[in-house]
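Spelled out from the first residue to the last, the chains are:
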Amino acid sequence: GHTVIKLRPDLAPQHAERIKLLAREGYYNNVPFHRVIEGFMAQGGDPKGDGTGGSDLPDVPKEFNYLPHVRGAVAAARAESEDSANSQFFIMFVPRFGLDQKYTVFGRVLEGMQYVDAIPRGEPPAEPAKVLHAYIAADNPPAYAPPPPPAPVQEPAALPPGPGKK
């Protein structure tokens, strides 16, 4: 389903810029959610699909901020080093405030959280969900096309009288 994520370049400018750059390149298209833990989060952004990959770009340094790890928060996944975020991200199913000031929150799901909730669980899931198409709405928002007007209802033409009974 269609999920809308609001990025926060005001609080995590380098992370938001990285996500926008990669989305514009099509990097996230068909990339699986490779680590999905019930009662915690769904992680994706690794084209290898096993959590070991990232883009060819340099890692992004930490941009810890006051945004909490609440339901729908989108944060940068990283290795042990706080400055090792690259392309991977995770979306919170439930609040986990113990992650605050340890991972950079750079966005939040505004619409479509029900689709995030439906991502199959597993590390990795047996049949992982994938990001089908990631795009930046401000670059090319979907065009508004009003629905066509309803077709006028036409009365059927009068039928000639059929053979009568005798």
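Criteria and cut-off values
Residues numbered from 1 in each chain as written. Predicted model: local features only at pLDDT ≥ 70, side-chain atom pairs only at ≥ 80, totals over all residues. Heavy atoms only, no water. Phe/Tyr/Trp six-rings, centres within 6.5 Å; stacked < 30°, edge-to-face > 60°. Buried < 20%, exposed > 50% of the residue type's maximum accessible area, 1.4 Å probe, protein only. Helix = DSSP H or I, 4+ residues; strand = E, 2+ residues; numbered from the N terminus. Core = buried A, V, L, I, M, F, W, Y, C linked by side-chain atoms within 4.5 Å. 1 Å grid on protein atoms, 1.4 Å probe; cavity = no way out; pocket = protein on both sides within 12 Å on 5 of 7 lines; lining within 4 Å. Points joined across faces, edges and corners; volume = space filled by probe spheres on them. Nonpolar A, V, L, I, M, F, W, Y, C, P; charged D, E, K, R; others polar.

Enquirer: Talk me through the packing of aromatic side chains; I want residue IDs and the actual numbers.
Expert: Enumeration over the complete set of coordinates arrives at four aromatic pairs. When the ring of Y27 is compared with that of Y28, the centres are 5.3 Å apart and the planes differ by 90°; the resulting orientation is edge-to-face. Exposure class is identical for Y27 and Y28. Each is buried. Relative to F89, the ring of Y28 lies with its centre 5.7 Å away and its plane at 80°, an arrangement referred to as edge-to-face. Of this pair, Y28 sits in the loop between α1 (13-25) and β2 (31-37) while F89 sits in strand β5 (residues 89-92), and the two are 61 residues apart along the sequence. We note that Y28, like F89, is buried. One aromatic cluster is present, built from ring pairs that chain together Y27, Y28, F33 and F89.

Enquirer: Tell me what's going on with the nonpolar core, and back it up with residues and numbers.
Expert: Within the largest apolar cluster, 25 residues are counted, with the highest numbers of intra-cluster contacts made by Y28, F33, F89, I91 and F106. For this core, the elements supplying multiple residues, two or more each, are α1, β2, β4 (73-76), β5, β6 (105-111) and α2 (113-117). Broken down by element, the residue count for this core peaks at four residues, all from α1. Grouped together as the second largest cluster of nonpolar side chains are twelve residues, L67, A73, A75 and A77 included.

Enquirer: I'd love a proper account of the layout of surface pockets, names of residues and values included.
Expert: The rolling of a water-molecule-sized probe over the atoms marks out the regions of remaining empty space. When its volume is computed, the largest pocket comes out at roughly 1,000 Å³. As for the largest pocket, its lining consists of 32 residues, of which T3, I5, V131, H133 and A134 are closest to the centre. Going through the elements one at a time, β1 (4-7), α1, β5, β6, α2 and β7 (130-131) are the ones with two or more residues in the lining of the largest pocket. No other element matches β1, which puts four residues into the lining of the largest pocket. Counted as a void, the second largest pocket has a volume near 300 Å³. Lining the second largest pocket are 18 residues, and of these Q43, A77, R78, A79 and Q88 sit closest to its centre. Of the residues contributing to the lining of the second largest pocket, the split by class is eight nonpolar, eight polar and two charged.

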